[in-house]
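# Report on the structure
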Amino acid sequence: MDDLENAILICFESGPVEASLKPQAAAYCQQAKEAPDICRICIQKLWFCGLVQVQFWCLQTLQDVLRASYGSMSLDERRFVRSSVFSMACLEGVDNNENVVRVVEGPVFVKNKLAQVLVTLIYFEYPLVWSSVFVDFMGHLSKGGVVIDMFCRVLNGLDDELISLDYPRSPEEIAVAARVKDAMRQQCVPQIARAWYDIVSLYRNSDPELSATVLDCMRRFVSWIDINLVANDAFVPLLFELILSEGLADQVRGAAAGCVLAMVAKRMEPHSKLPLLKTLQISRVFGLVSEDADSELVAKVSALVTGYAVEVLECHKRLNSEETKAVSMDLLSEVLPSVFYIMRNCEVDSTFSIVQFLMGYVSTLKGLPALKEKQLLHITQILEVIRIQICYDPMYRNNLDALDKIGLEEEDRMSEFRKDLFVLLRTVGRVAPEVTQHFIRNALANAVESSSERNFEEVEAALSLLYSLGESMTEEAMKSGSGCLSVLIPMLLTTKFPGHSHRLVALVYLENITRYMKFIQENSQYIPNVLGAFLDERGLHHQNVHVSRRAYYLFMRVVKLLKSKLVPFIDRILQNLQDTLSQLTTMNFASRQLSGTEDGSHIFEAIGLIIGLEDVPAEKQSDYLSLLLTPLCQQIEKGLMEAKVASGEDFPAKIANIQFAIVAINALSKGFSERLVTVSRPRIGLMFKQTLDVLLRILVEFPKVEPLRSKVISLIHRMVETLGPSVLPYLPKALEQLLADSEPKEMVGFLVLLNQLICKFSGSLRGILEEVYPVVAYRIFRVIPIDGLTPRTGAVTDEEMRELIELQRTLFTFLHVMATHDLSSVFLAPKSMTYIKPMTLLLLNTSCTHKDITVRKACVQIFIRLIEDWCPKSYTVEKVRLAKPSCFQDFMIKNFATNCCLFSVLNTSFDFNDANTGLLNEIITVQKVMYERFGNAFLMHLMSGAFPSANCPQDMAEQYCQKLQGNDIGGLKSYYQSLIKNLRLQQNGNHVFR
């Protein structure tokens, strides 16, 4: 061995090698690659060195050199490489030379690399330089399997490296591929096809592996060669003979099936494709799909059958004549039973979409006036395929019940997988509603009676079918129990399903009852069955906590729909819930496994909806409410005491217990109307007021605990709706506590509460607001600058900026609510006067520059109300001073009118489109209001100050002022837009807010 061979071996060595040797060897090999005569060195070693590592390195180096330097190589060098490599591939000149190495008899990875080198040469030289490569190669095929194998590897490599569109190609590669294919079609493809036929015929029995290789090579080329070269009286009988020959190797039979599939899938016009599909007589292979489902042959034949079905369906959709549609439908009817069998029993090819195909077939049935018996049978088979496909794998049964990590992943996977299948189910349900409902009824019945090991999975699948079907049913159909529904729902309610202890069965069962409540509303005789399902071990008392907590929510939805119909059952309901309620009001929150929407509060909402009805006798209603409120208030009081002395680890759990009790009271109160608690049954209102006393203690004891604070605010929101004006005496103390030491982010929730209070009580809240607003303004104007928030506002984080933006937006809503509820006088109260200037400057800046048009519009509306409230028509008294000697009128005329009504609109960022129409209307309105209240002072400023500063011609300014004094709002708006557009043309949109 010479130094290069040694270096190559060291580079390929996977075992222990001296640390410094590998880098040295790699450097030596790289240096050798850069030698001017490297191609001759490689060819020499390929002929005479038997080390496969050296052979591979040399072939790789040749390929690299050709790719990188082909253009700079001399003609002689190219010719030498071409002839040498071709001779190796075809065994030329080796017969009488025992010293020559036969590279084509080496390992697979060496043969593949040799093929790639040839493909690289073809890339650069075919057909202009080396036009005879394929014809010359075929002249050597008679040398036997070694050369035939290499010929196939070259063709396969050509497909992989250049022709196949399964890989991304550059524009240059696409152009070269077109050039190569065009030349091959003209020159040698017919001869290659004939060679395929002869080789397979000759070697089918003696060398099945070689036959399979040739057939696989042929499959790749079918997509772009003339279809008649393979879909003819010679090839088609041969391929089907191979597929159906039981004594033949499965490898060959499967490869033949792949060739037929390539013919079937070849892109053709449907009027040409349909006759081809018909002549194939594909039914000959249908029987093979029922053999060993795990065999490679069955997988290949299944892919052929499903691919054939897809093509027939596509022809049916694209052809319009009655004759061709009838032919395609006959072919489809012939193949569908086998397709359904494959879907139910075999591993489906990854390129075949079951749902897409079945959806396409069902779509062909939509327009038919009536379905034939065979088509109805197909519908049933489609439903059976759906049922089988949506069944869970029994191996995950325990994981799904416990909902561990594996179970959660499997449930998520199946949930995603089922989506399209359920869409298909609903489509089938619309095409054949009676057949679909019949099928589901039978599936339920079979699942109940089944004794198979898949019992749980079958029950769950049948119930899931029923649930999905309901999604597409109209309310009227559900109420009337159309079709089999009048049998299905009673069956659902009265049947004891096996596997009910499993989480998934229990959940889908309860979801079904909830979905079909419209039927139960119309059939009250089933209400006891519904209550039984929710109140016994199938629902609220289920052994699986995931089921019981979900049952709380679903039961609440059921109660919302039934309401007064449940009054006769109140005692039964409360008696059955006694242990549940006791557990929820006494258990430690830290031991609860679930939280959020399923934390148990929904059961209190459900009870509140029932006992809050006026149909319930007053005395009983008070007793029921007391039974619920008393332990919840005790839980809060106990929690407050325990939280005071709790250690760091225990404190969150104690707070969570208090939090849950607040949420439960909130949920409970939703069932009681304001009229009931304040007018007809004030005793109920008193009980809720006493609860408020307890809750206000929370704000005193733990004012800075955010979870408690947010829950208390939420409950005050609720009490405002429930207690109405009778809540007012409690507000000063509540608002005082909420406002104490509140951070900017906490102010958002506080302002939202004030907005609700203002909308609910308007002027009744004036006194409270005069005390609260100065504190609110002080806190907010410390953190929000009067020129608004920008990305450069202080040294704040992204999260802090998000909080400030939310606070600013909520502030604008708050100011808007105050202004539009006749409470602007609060701004003029002695304690609030200090904040008029920052408020109006912030509103001005926002109305001119804010990115959100709706916010700008709201700010302009606030100014309109302030002008109307603070500026009487005969403006003689200065009600508002912003900063001496300027008054509110001067501010509005000189600052607001100029900047908002002129410069902000002149800016080209203001687009006169639909989105800005609302703001434009408000700007017109505010100018009309300013003229009404300020009169000539406003007009004089427009003429002498605002318009001249925008270089507005005198005549246009005068005409605008005239229209402003008239009553034609539409004309004013139209002229205003025209005026602004003309000014923009003059100034190129250079004016900005000043």
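No experiment lies behind these values; they were computed from the predicted model shown. (Residues numbered from 1 in each chain as written. Predicted model: local features only at pLDDT ≥ 70, side-chain atom pairs only at ≥ 80, totals over all residues. Heavy atoms only, no water.)

## A closer look at the overall build of the protein chain
What counts here: For the purposes of this entry, the term helix denotes a DSSP run of H or I that reaches at least four residues, the term strand denotes a run of E that reaches at least two, and both are numbered from the N terminus. When we talk radius of gyration, it's over C-alpha atoms, and the globule rule is simply 2.2 Å times the number of residues to the 0.38. Note on classification: 1.4 Å probe, protein chains only; a residue is buried when its accessible area is under 20% of the maximum for its type, exposed when over 50%, partly exposed between these limits. The contact criterion used throughout is that any non-hydrogen atoms of two residues lie within 4.5 Å. To measure how exposed things are, a 1.4 Å probe is used in the Shrake-Rupley method; for residues, cover is taken only from the protein chains shown. Positive residues here are Lys and Arg, negative ones are Asp and Glu, while His and the chain termini are left out of the count. Here the site of a charge means NZ on Lys, CZ on Arg, CG on Asp, or CD on Glu.
Broken down by element type, the protein chain carries 46 helices and two strands. For 994 residues, the compact-globule estimate of 2.2 N^0.38 gives 30 Å, and the protein chain exceeds it by more than 25% at 42 Å. In terms of overall dimensions, the protein chain has a C-alpha envelope of 120 × 80 × 75 Å along the principal axes. Across the 994 residues of the protein chain, 53% fall into the buried class. The contacts in the protein chain between residues at least 6 apart in sequence include a share of 73% that link residues at least 24 apart. Of the accessible surface of the protein chain, which amounts to about 43800 Å², a share of 50% is contributed by carbon and sulfur atoms. Taken as two groups, the 100 positive and 113 negative side-chain charges of the protein chain have centres that lie 8 Å from each other.

## Details of helix H27 (residues 527–535)
Across the nine residues of H27, seven count as buried, placing the element largely inside the fold. Along H27, the positions that sit buried rather than exposed are Ile527, Val530, Leu531, Gly532, Ala533, Phe534 and Leu535.

## Notes on helix H35 (residues 706–723)
Definition in use: An expected span of 1.5 Å times one less than the residue number is assigned to each helix.
An ideal rise of 1.5 Å per residue puts 26 Å on 18 residues; H35 measures up with 25 Å between its terminal C-alpha atoms. Among all positions of H35, only Leu708, Arg709, Val712, Ile713, Leu715, Ile716, Met719, Val720, Thr722 and Leu723 are buried. Those residues of H35 hidden inside the fold are in contact with helix H32 (651–669), helix H33 (674–680), helix H34 (682–701), helix H36 (731–739) and helix H37 (744–761). Once H35 ends, the next one or two residues include Gly724, with phi positive near 65 degrees.

## A word on the packing of H32 against H34
This is how it is decided: Structural elements are reduced to axes, namely lines fitted to C-alpha atoms, with helices fitted over the stretch in contact, and the angle between N-to-C directions of any two is expressed from 0 to 180 degrees. By the definition adopted for this analysis, an angle is roughly parallel if under 35 degrees, roughly antiparallel if over 145, roughly perpendicular if from 65 to 115, and oblique otherwise. Working rule for handedness: look at the near helix, and if it is turned counterclockwise from the far one by less than a right angle, call the crossing left-handed; if clockwise, right-handed. For this scheme, ten residues count as nonpolar: Ala, Val, Leu, Ile, Met, Phe, Trp, Tyr, Cys and Pro. Four count as charged, namely Asp, Glu, Lys and Arg, and the remainder, Gly too, count as polar.
Orientation of H32 relative to H34, taken along the N-to-C sense of each, is 155 degrees, at an axis distance of 12 Å. Between H32 and H34, the angle falls in the class roughly antiparallel. The hand of the H32/H34 crossing is left-handed. In this structure, H32 contributes Ile658, Ile662, Ile665 and Ser669 to the contact, and H34 contributes Phe688, Thr691, Leu695 and Ile698. Of the residues belonging to the contact of H32 with H34, the class tally is six nonpolar, two polar and no charged.

## Re the UniProt feature "domain: Exportin-1/Importin-beta-like" (unreviewed entry) in the protein chain
Going by this rule: UniProt positions are given in the numbering used here, feature names are shortened, and annotations may be inferred rather than shown by experiment.
The feature "domain: Exportin-1/Importin-beta-like" (unreviewed entry), as annotated in UniProt, sits at residues 108–259 in this numbering. Secondary structure content for residues 108–259 is 72% helix and 0% strand, and the end C-alpha separation is 24 Å.

## Thoughts on a negative patch on the surface
To keep it simple, the criterion reads: The patches reported here contain residues having more than 30% relative accessible area and no salt bridge. Joining distances are 9 Å for like charges and 5 Å for nonpolar side chains (Val, Leu, Ile, Met, Phe, Trp, Tyr). Each reported salt bridge corresponds to a side-chain nitrogen of Lys or Arg within 4 Å of a carboxyl oxygen of Asp or Glu.
Residues Glu246, Glu291, Asp292, Asp294 and Glu347 make up a contiguous surface patch of negative charge. The topology assignment puts Glu291 in the loop between helix H14 (270–280) and helix H15 (296–318).

## Brief notes about unusual backbone geometry
Omega for the bond connecting Tyr126 with Pro127 falls within 30 degrees of zero, at 5 degrees, which places this linkage in the cis form. Positive phi is not limited to glycine here, since Leu91 has a value of about 60 degrees. With respect to the element layout, Leu91 can be found in the loop between helix H5 (75–90) and helix H6 (108–125). Located in the positive-phi region is Gln281, a residue other than glycine, with phi close to 50 degrees. Counting through the fold element by element, Gln281 comes out in the loop between H14 and H15.

## Looking at the packing of aromatic side chains
Test applied: When two rings of Phe, Tyr or Trp (its six-membered ring) have centres within 6.5 Å they constitute a pair, described as stacked for plane angles under 30 degrees, edge-to-face for angles over 60, and tilted for the intermediate range. Placement of a charge over a ring requires the Lys NZ or Arg CZ to be within 6 Å of the ring centre, with the centre-to-atom vector within 35 degrees of the ring normal.
Considering all chains together, one arrives at 26 aromatic pairs under this definition. Between Phe12 and Phe56, the ring centres sit 6.2 Å apart and the planes meet at 90 degrees, which makes this aromatic pair edge-to-face. Pair noted here: Phe12 is in helix H1 (residues 3–12) and Phe56 is in helix H4 (residues 52–69), with a separation of 44 residues, a long-range link. Both rings, one in Phe137 and one in Phe151, keep their centres 5.2 Å apart while their planes meet at 55 degrees; by these two values the pair is tilted. With Phe137 in helix H7 (residues 133–138) and Phe151 in helix H8 (residues 145–163), the pair connects residues that are 14 residues apart, well separated along the chain. No difference in accessibility class separates Phe137 from Phe151, as the two residues are buried. Site record: aromatic cluster; members linked through ring pairs are Tyr773, Phe814, Phe827, Trp870 and Phe888. Looking at Arg40, its charged tip hangs above the ring of Phe80, at a distance of 4.4 Å from the centre.

## Here we look at the state of the cysteines
A disulfide bridge is the covalent bond that connects two cysteines by way of their sulfur atoms. As a reminder, the rule being used: The disulfide criterion used throughout: a pair of cysteine sulfur atoms within 2.5 Å.
For the structure shown, the criterion picks out zero disulfides. For Cys42, which is in no disulfide, the shortest distance to another cysteine sulfur is to Cys58 and amounts to 4.2 Å. On the basis of relative accessibility, which here comes to 0%, the residue Cys42 falls in the buried class.

## Regarding the side chain of Glu511
Looking at the secondary structure, you find Glu511 in helix H25 (residues 503–515). We classify Glu511 as buried; its relative accessible area is 14%. Those residues in contact with Glu511, other than ones at most four positions away along the chain, are Tyr467, Arg550 and Leu554.

## Let's talk about the pattern of salt bridges
A complete count under the given rule lists 51 salt bridges for this structure. For Lys45, the salt bridge goes to Glu5, with nearest N and O atoms at 3.0 Å. Pair noted here: Lys45 is in helix H3 (residues 38–48) and Glu5 is in helix H1, with a separation of 40 residues, a long-range link. Here Lys45 falls in the buried class, since its relative accessible area comes to 10%. According to the relative accessible area criterion, Glu5 is buried, its value standing at 10%. The salt bridge partner of Arg802 is Glu799, with a shortest N-O separation of 2.8 Å. Of this pair, Arg802 and Glu799 both sit in helix H39 (residues 798–820), three residues apart, which is roughly one turn of the helix. You can call Arg802 partly exposed: its relative accessible area is 44%. A relative accessible area of 42% means that Glu799 is categorised as partly exposed. Residues participating in the shared-partner salt-bridge network are Asp159, Asp160, Asp216, Arg219 and Arg220.

## Things to note about the environment of Lys45
Separated by 13 residues in sequence, Lys45 and Cys58 have C-alpha atoms that sit 7.5 Å apart. Ignoring sequence-local partners within four residues, the contact set of Lys45 consists of Asp2, Leu4, Glu5, Val54 and Cys58.

## Topic: the nonpolar core
Our working definition: Residues belong to a common nonpolar core when they are buried Ala, Val, Leu, Ile, Met, Phe, Trp, Tyr or Cys residues joined through side-chain atoms within 4.5 Å.
Counting residues in each nonpolar core, the largest one holds 362 residues, and the members touching the most others are Met184, Trp196, Phe555, Phe604 and Tyr773. Discounting residues that sit within four places of it in the chain, Tyr773 has contacts with Phe781, Phe814, Leu815, Met818, Val826, Phe827, Ser832, Tyr835 and Met839.

## Quick look at the packing of helix H18 (residues 373–390) against helix H21 (residues 433–449)
Where H18 contacts H21, the two axes come as close as 10 Å, and the packing angle between them is 45 degrees. Taken together, the axes of H18 and H21 are oblique relative to one another. Two packed elements cross with a definite hand, and for H18 against H21 that hand is right-handed. Taking contact as the criterion, the partners of Leu376, Ile379, Thr380, Leu383, Glu384 and Arg387 in H18 are, on H21, Val435, Thr436, Phe439 and Ala443. When the residues that make up the contact of H18 with H21 are grouped by side-chain class, the tally is six nonpolar, two polar and two charged.

## Some thoughts on the environment of Leu336
Relative to the elements of secondary structure, Leu336 occurs in helix H16 (residues 322–345). On the basis of relative accessible area, Leu336 is assigned to the buried category, the value being 0%. Each C-alpha atom, one on Leu336 and one on Ser69, is 56 Å from the other, the two residues being 267 residues apart in sequence. For Leu336, the residues in contact, after removing those within four places along its chain, are Phe357, Tyr361 and His378.

## With respect to the environment of Cys58
If you trace the backbone, Cys58 turns up in helix H4. Residue Cys58 is classed as buried on the basis of its relative accessible area of 0%. Dropping the residues within four chain positions of it, Cys58 is found in contact with Cys42, Lys45 and Leu46.

## What about the confidence of the model for the protein chain?
Just so we agree on the cut-off: pLDDT is a residue-level measure of predictor confidence that goes from 0 to 100.
In the predicted model, the protein chain carries a mean pLDDT of 91, and the fraction of residues at 70 or more is 95%. Segment residues 590–598: pLDDT under 50, and twelve contacts once partners within four positions in sequence are set aside and those in other chains are kept.

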